[in-house]
Amino acid sequence: MKLAELFNQEKTIFSFEVFPPKRNNPIETIYQTLDELQEIKPDFISVTYGASGSLADNSTCEIASAIKQKYGIESAAHLTCVNSTKEEVSEVLRRLADNGVENILALRGDLVPDVPPKKEFKHASELITFIKETKDYDFGISGACYPEGHLDSRNQVEDILNLKKKVDAGAQHLISQLFFDNEVFYDFVDKARIAGINVPIEAGIMPVTNKKQIERMVSLCGASLPRKFTKMMSRYENKPEAMRDAGIAYAVNQIVDLVSQGVDGVHLYTMNNPYVAKRISESVKSLF
Ligand code: FAD
């Protein structure tokens, strides 16, 4: 099923993101994670894609296919383009289609140190146009969006106008970058709607369970940290269990507010941690 069709139902969508096991970890480790995530019955699970776009690594396709075929949950494969040629992207599309994957989260990706970009794709919108023009397949296409603006953009207006180009190219659904202040998200959605972006926008929620993890994420994506969040981190940074519980509670509060305000969906960045995903799901499952 195409992800956009999920949003036609009269319910708020609850979905997860997982990533393929890091180098040196066997692929089986993700299946142990998925065995546990399956019990929560999310509406779909998306699988990240390596930024370098290496064809040798088929794990995203393999995992997205298993989520659908083995676990009976709809899936989406992330696909980046800035470090790939059109020929390489065509090969990935063929593999995804051959393995029954129906949905793609089309991304530009980031430049990787020591990997010169291939220059055939500059933006996610070009990847979306390319996928749409490949008439052999009919993928559901999603895109990424940035409640606080993408770091490469000069300002939010420019970023939202570029987002509109992505939707006009064929993105049928958007998933947001993580954020810790729901007001920032509501303001962004209002502006996106005024700009004529009318596809479902899912809120990306990352439960924070340790300070190092969040410092790394924030340096990569520039999310702002509200005072109550930084207070929480500094109070519990040396108490791992308390930090984890506080991070789970913070994410639960965000989700309760988002669902109450009528958000289209919540996309949980699980960080491949089924314990945290389960704790959160148990607290909010009756809301969806
Ligand atoms: P784009 O949509 O191309 O936007 C990038 C910048 O270019 C923005 O500043 C935008 O305003 C501007 N822009 C966009 N279109 C145009 C245009 N037509 N003309 C001029 N300017 C334009 N990275 C990975 O490597 N693997 C993953 O699996 C992955 N998953 C992600 C999932 C989500 C939900 C999110 C939010 C991000 C993910 N990323 C992933 C990170 C992503 O690759 C980076 O944030 C990247 O820098 C931007 O990707 P994009 O698709 O949003 O790019």
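Residues numbered from 1 in each chain as written. Predicted model: local features only at pLDDT ≥ 70, side-chain atom pairs only at ≥ 80, totals over all residues. Heavy atoms only, no water.

For the protein, the name recorded in an unreviewed UniProt entry is Methylenetetrahydrofolate reductase, with Anaerotruncus colihominis as its organism. Per UniProt, the comment on the protein under Catalytic activity (unreviewed entry) is "(6S)-5-methyl-5,6,7,8-tetrahydrofolate + NAD(+) = (6R)-5,10-methylene-5,6,7,8-tetrahydrofolate + NADH + H(+)". UniProt, in the comment section headed Cofactor (unreviewed entry), describes the protein in these words: "FAD". (UniProt positions renumbered as here; feature names shortened; annotations may be inferred.)

J.: Teacher, can you tell me more about the overall build of the protein here?
T.: When helices and strands are counted, the protein shows eleven helices and eight strands. When each of the 288 residues of the protein is scored for burial, the buried share is 52%. For the protein, the proportion of contacts with a sequence separation of at least 24, taken over those separated by at least 6, is 81%. Per element, the accessible surface of the protein, about 13,900 Å² overall, is 48% carbon and sulfur. (Helix = DSSP H or I, 4+ residues; strand = E, 2+ residues; numbered from the N terminus. Buried < 20%, exposed > 50% of the residue type's maximum accessible area, 1.4 Å probe, protein only. Contact = heavy atoms within 4.5 Å. Areas by Shrake-Rupley, 256 points an atom, 1.4 Å probe, with all protein chains shown as cover.)

J.: Quick question: what am I supposed to make of the pairing of strand 4 (residues 103–107) here?
T.: Remember that side chains alternate between the two faces of the sheet whenever the strand is regular. When you tally the buried positions in strand 4, you get five out of five residues, the bulk of the element. Of the two faces of strand 4, the one lined by Asn103, Leu105 and Leu107 and the one lined by Ile104 and Ala106 are each fully buried. Relative to strand 4, strand 3 (residues 74–80) runs parallel, the two being bridged by four bridges. Each bridged residue has a counterpart across the sheet, and for Ala77 the counterpart in strand 4 is Ile104. A crossover links strand 3 with its parallel partner strand 4, the connecting element being helix 4 (residues 86–98), and its sense is right-handed. Sheet analysis places strand 4 next to strand 5 (residues 140–145), joined by three bridges and oriented parallel. (Pairing = 2+ DSSP bridges. Right-handed = clockwise from strand over helix to strand, strands pointing away.)

J.: Could you clarify how one ought to interpret the site of the ligand in this entry?
T.: Taken together, 25 residues are adjacent to the ligand, and Asp110, Tyr146, Ser153, Asp159 and Lys166 come closest. Here His123 contributes a side-chain N or O atom positioned 3.3 Å from an oxygen atom of the ligand. Contact with the protein chains hides 86% of the accessible area of the ligand, taken as 970 Å² for the molecule alone. Listing elements by their share of the shell around the ligand, those giving two or more residues are strand 3, strand 4, helix 5 (124–133), helix 6 (156–169) and strand 6 (173–178). Ranked by residue count, the leading element in the shell around the ligand is helix 6, at four residues. (Near = heavy atom within 4 Å. Polar contact = N/O pair within 3.5 Å; in protein donor to acceptor, adjacent residues only side chain to side chain.)

J.: Can you help me understand the packing of helix 2 (residues 28–38) against helix 11 (residues 274–284) in this one?
T.: To describe two helices that pack against each other, one gives the angle between their axes and the distance between the axes. Look at helix 2 against helix 11: their axes get within 9 Å of each other, and the N-to-C directions meet at 10 degrees. When the axes of helix 2 and helix 11 are compared, the pair comes out roughly parallel. Here Thr33, Glu36 and Leu37 of helix 2 come into contact with helix 11, specifically with Pro274, Ala277 and Lys278. Of the residues contributing to the contact of helix 2 with helix 11, the split by class is three nonpolar, one polar and two charged. (Axes fitted to C-alpha atoms, helices over the stretch in contact; angles between N-to-C directions. Parallel < 35°, antiparallel > 145°, perpendicular 65-115°, else oblique. Nonpolar A, V, L, I, M, F, W, Y, C, P; charged D, E, K, R; others polar.)

J.: I'm lost on the pairing of strand 6 in this one. Help?
T.: For strand 6, a buried count of six out of six residues is recorded, marking the element as mostly surrounded by other parts of the structure. For strand 5 and strand 6, the ladder comprises four bridges, and the chain directions are parallel. Paired with Ser142 across the two strands is His173, which belongs to strand 6. Between the parallel elements strand 5 and strand 6, the chain passes through helix 6 in a crossover that is right-handed. When strand 6 meets strand 7 (residues 201–205), the two strands line up parallel, connected through three bridges.

J.: Help me understand the packing of aromatic side chains in this model?
T.: Aromatic ring pairs are reported here in terms of the distance separating the ring centres and the angle at which the planes meet. Scanning all chains against the criterion turns up eight aromatic pairs. For the pair Phe185 and Tyr186, a centre-to-centre distance of 6.3 Å together with 70 degrees between the ring planes defines the contact as edge-to-face. With respect to burial, Phe185 and Tyr186 carry one shared label: buried. Aromatic rings pair up to connect Phe14, Phe16 and Phe288 into one cluster. Directly above the aromatic system of Phe121 lies the positively charged group of Lys86, at a separation of 5.9 Å from the ring centroid. (Phe/Tyr/Trp six-rings, centres within 6.5 Å; stacked < 30°, edge-to-face > 60°. Lys NZ or Arg CZ within 6 Å of the ring centre and 35° of its normal.)

J.: I would appreciate a short explanation of the nonpolar core in the present structure.
T.: Side chains of a nonpolar character, in soluble globular proteins, are inclined to be buried together. In this structure, Leu34, Leu174, Phe185 and Ile280 are the most contacted members of the largest nonpolar core, which totals 64 residues. Residues within four places of Phe185 in sequence aside, it is in contact with Pro147, Ser176, Phe179, Ile201, Glu202, Ala203, Leu258 and Val263. Residues Phe44, Leu107, Met217 and Met232 belong to the second largest nonpolar core, which totals 26 residues. (Core = buried A, V, L, I, M, F, W, Y, C linked by side-chain atoms within 4.5 Å.)

J.: What should I look at first to understand unusual backbone geometry in this one?
T.: With a phi close to 75 degrees, Asp114 is a non-glycine residue in the positive phi region. In this structure, Asp114 sits in the loop between strand 4 and helix 5. Of note in the backbone geometry, Asn272 takes a positive phi value of approximately 55 degrees without being a glycine. Position of Asn272 among the secondary structure elements: in the loop between strand 8 (265–269) and helix 11.

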